[in-house]
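# Summary of structural features
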Amino acid sequence: MNRRLYALHRWVSLVALLQLLVWTATGLFFAIVPIQRIRGEDRTEKAEPARIPWERVGALPAAALAGAEEVQLRVVDGRPLLLARGERGGRRWAIDAATGEPHAFDAAAAERIARADQTGEPAALRVERVEAAEGEYRGRPVPAWRVDLDDGRGTRVYVDAATGAVTARRNGLWRVYDFLWGLHIMDWREREDFNHLWLVAFAVLGLATVVTGSVVWIARAVRKAGQGRARAAA
């Protein structure tokens, strides 16, 4: 019986070992590396919110804001803007608060916003328009501008083309984190789903490794105790 238990424990452990090592190694990385560095927040310019120049703000343009569920007045790229959002987080658009005219963010504006977002305002290497929310920008609003910065960390700042908001910061450390997170939750493509069969199966295998190992240890301890009593009686 003990041999069968040991054989079962050995094979269960062998199957579960690789993923257990992955969980341990990736968990150690997550515990050691500060999340602020991963998110690029350690180099984000912590400037005070810009004062709204009320003297430049005109009357609310009712027609331009038709269909808006939420409207915010903010200074973006040095300009007072009304940032509107449609129902259920749908359409997003910006209105010049001074003129009441629609405002668009071009590549030059996105570059200024991205550089100002980072400490030291590093130079921009490239600015590209993003039309699909995929890859490292998955799940984020599009269209957007991707600004590659020359900061030695491979930082990319994404700027919402509709509102001028910084919607994501990605650097080399974030990409390592993203890869390891996919390994950790065993969702190697989207890296978001941790309610799937593979993860449950390996979690059960890990638990089975602990249980069978404990049973084998107890069985061996009982056997050695019995052998000790037998030798003492002889």
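Within each chain, residue numbers correspond to sequence positions counted from 1 in written order. Local features in a predicted model are, by the rule used here, given only for residues with pLDDT of at least 70; side-chain atom pairs are given and counted only at 80 or more, and totals for whole chains, interfaces and linings are based on all residues. Side-chain measures here rest on the full set of heavy atoms in the structure, leaving out hydrogens and waters.

Helix and strand definitions follow DSSP, with helices as H or I runs of at least four residues and strands as E runs of at least two, each counted in order from the N terminus. Scanning the protein from N- to C-terminus turns up five helices and eight strands. What you see in the protein, going N to C, is helices and strands ordered as α-α-β-β-β-β-α-β-β-β-β-α-α. Both definitions apply: the radius of gyration is a C-alpha atom measure, and the globule rule equals 2.2 Å times residues to the power 0.38. Rg of the C-alpha trace for the protein: 28 Å, well past the compact-globule value of 17 Å for 234 residues, more than 25% over. Principal axes of the C-alpha set define a box for the protein whose edges measure 105 × 40 × 30 Å. Taken over 234 residues, the protein has a buried fraction of 35%. In this description, contact between two residues means that some pair of their heavy atoms is separated by no more than 4.5 Å. Of the contacts made within the protein by residues no fewer than 6 positions apart, 49% connect residues no fewer than 24 positions apart. With an accessible surface of roughly 14,600 Å², the protein has 58% of that area assigned to carbon and sulfur atoms. His residues and chain termini do not enter the charge count, which takes Lys and Arg as positive and Asp and Glu as negative. Lysine's charge is taken at NZ, arginine's at CZ, aspartate's at CG and glutamate's at CD. Both charge centroids of the protein, one from 34 positive and one from 28 negative side chains, sit 16 Å from each other. Using a 1.4 Å probe on the protein chains alone, a residue whose accessible area is under 20% of its type maximum counts as buried, one over 50% counts as exposed, and one in between counts as partly exposed. Using a 1.4 Å probe, the Shrake-Rupley method yields the accessible areas, and only the shown protein chains count as cover for residues.

Here four strands make up an open sheet; going across it, the order is S5-S6-S7-S8 and the pairing antiparallel. The open sheet terminates on both sides in strands that have one partner only, identified here as strand S5 (124-130) and strand S8 (166-170). Pairs of neighbouring strands in the sheet enclose a mean axial angle of 20 degrees, with direction left out of account. For two strands to be treated as a pair, DSSP must find at least two bridges joining them. Bridging between S5 and strand S6 (residues 144-149) involves six bridges; their strand directions are antiparallel. Among the inter-strand pairings, Arg-126 is bridged to a residue of S6, identified as Asp-148. Contacts from helix H3 (residues 107-117) reach S5, S6, strand S7 (156-160) and S8 within the one sheet, and its direction differs from that of S6 by about 55 degrees. Fitting a line to C-alpha atoms yields each axis, with helices limited to the stretch in contact; the angle taken between N-to-C directions then spans 0 to 180 degrees.

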